[in-house]
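# Reading the structure
Residues per chain, in single letters:
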Amino acid sequence: MSDSAPIAAIAASLVRERRRTGLSLAEVARRAGIAKSTLSQLESGTGNPSVETLWALSVTLNVPFARLVEPPRQEVRLVRRGEGPSIAAESSDYTATLLSSCPPTARRDLYLLAAEVGTPRLSDPHMHGVIEHVVVSSGRAVCGPVNATEELGPGDYLSYPGDVPHVFEALENGTTAVMVTEQY
């Protein structure tokens, strides 16, 4: 996770959402496939979560990913390049920066993705009904469901189910894209 990731917001969100479910720390960790000590560190604000860990927790807690990382909502929000809560992947050069999340009555989150050539970002299925929309801004990438990927260049758009295994792989260094996730 980058230094701009909201560690305190993540900690408070994890505690709030775990309590909402009525599940113990041990049970949430078991269901998410992470160590109990890892979840304990995250809840205390001393952990350093990856995209994979936070996605697993969001699925386990049945909440949108953004609810775990979102800073307090403002009337007008400007996010300049290099700012905003950014979460890095564990095994690929891939960073997702939350640009906007939906209010509780809607289910849409907006991310800026930055990826470099190397290990692809493989994603496990998200919650049922999640749809991802990707528009490549610069560079080239292969993305979509693992069994039906597409190569995209600047300005290309792809929509696909996020509740199946999917991938994002940069084909050029400096690849950026905007991703919108929706849940129905």
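Residues numbered from 1 in each chain as written. Predicted model: local features only at pLDDT ≥ 70, side-chain atom pairs only at ≥ 80, totals over all residues. Heavy atoms only, no water.

Attention now moves to the overall build of the protein. Along the protein, the regular secondary structure elements total five helices and ten strands. Within the protein, buried positions represent 45% of all 184 residues. Restricting the contact set of the protein to residue pairs at least 6 apart, pairs at least 24 apart contribute 63%. Counting every atom, the protein has about 9,100 Å² of accessible surface; 51% of that belongs to carbon and sulfur. (Helix = DSSP H or I, 4+ residues; strand = E, 2+ residues; numbered from the N terminus. Buried < 20%, exposed > 50% of the residue type's maximum accessible area, 1.4 Å probe, protein only. Contact = heavy atoms within 4.5 Å. Areas by Shrake-Rupley, 256 points an atom, 1.4 Å probe, with all protein chains shown as cover.)

What follows deals with the sheet that holds strand β4 (residues 121–123). One open sheet accounts for four strands, arranged β4-β9-β6-β7; its pairing is antiparallel. The sheet is open, and its two edges are formed by β4 and β7 (150–152), each paired on a single side. In this sheet, neighbouring strand axes are inclined to one another by 15° on average, regardless of whether the strands run parallel or antiparallel. The pairing of strand β6 (residues 141–145) with β7 spans three bridges and is antiparallel. Bridge pairing in β7 links Cys143 to Glu150. (Pairing = 2+ DSSP bridges. Axes fitted to C-alpha atoms, helices over the stretch in contact; angles between N-to-C directions.)

The subject of this paragraph is the confidence of the model for the protein. Averaged over all residues, the pLDDT of the protein is 85; the fraction at 70 or higher stands at 89%. Looking at the elements of the protein, mean pLDDT is at its lowest for strand β2 (residues 94–101), recorded as 79, and at its highest for strand β9 (residues 166–170), recorded as 96. (pLDDT = per-residue confidence, 0-100.)

Take helix α3 (residues 36–44) next. Looking only at α3, the buried set comprises Leu39, Leu42 and Glu43. Taken end-on, α3 shows its buried residues confined to a sector of 95°, consistent with a single buried face. Contact partners of the buried residues in α3: α1 (7–21), α2 (25–32) and α4 (51–61). Among the residues trailing α3, Gly45 stands out with phi positive, at a value near 80°. (Arc of directions from axis to C-beta.)

All told, the structure shown has three aromatic pairs when counted by the stated rule. Through a chain of ring-to-ring contacts, the aromatic side chains of Trp55, Phe65 and Tyr111 assemble into a single cluster. (Phe/Tyr/Trp six-rings, centres within 6.5 Å; stacked < 30°, edge-to-face > 60°.)

The next point concerns the pairing of β2. Here strand β1 (residues 86–88) pairs with β2 via three bridges, running antiparallel. Looking at β2, one finds that Ala88 is bridged to Thr95. Here β1 folds back onto β2 in antiparallel fashion, the turn holding five residues. Where β2 and strand β3 (residues 108–115) come together, seven bridges link them in antiparallel fashion. Counterpart to Tyr94 in the pairing with β3 is Ala115.

Our next topic: the packing of α1 against α4. Where α1 contacts α4, the axes come no closer than 10 Å and their chain directions differ by 25°. Here α1 is positioned roughly parallel relative to α4, judged by the angle of their axes. In this structure, α1 crosses over α4, and the sense of that crossing is left-handed. For the pair α1 and α4, contact is made by Ile10, Leu14, Glu17, Arg18, Arg20 and Thr21 and by Leu54, Leu57 and Leu61, respectively. Per-class residue counts for the contact of α1 with α4 are five nonpolar, one polar and three charged. (Parallel < 35°, antiparallel > 145°, perpendicular 65-115°, else oblique. Left-handed = near helix turned anticlockwise from the far one by under 90°. Nonpolar A, V, L, I, M, F, W, Y, C, P; charged D, E, K, R; others polar.)

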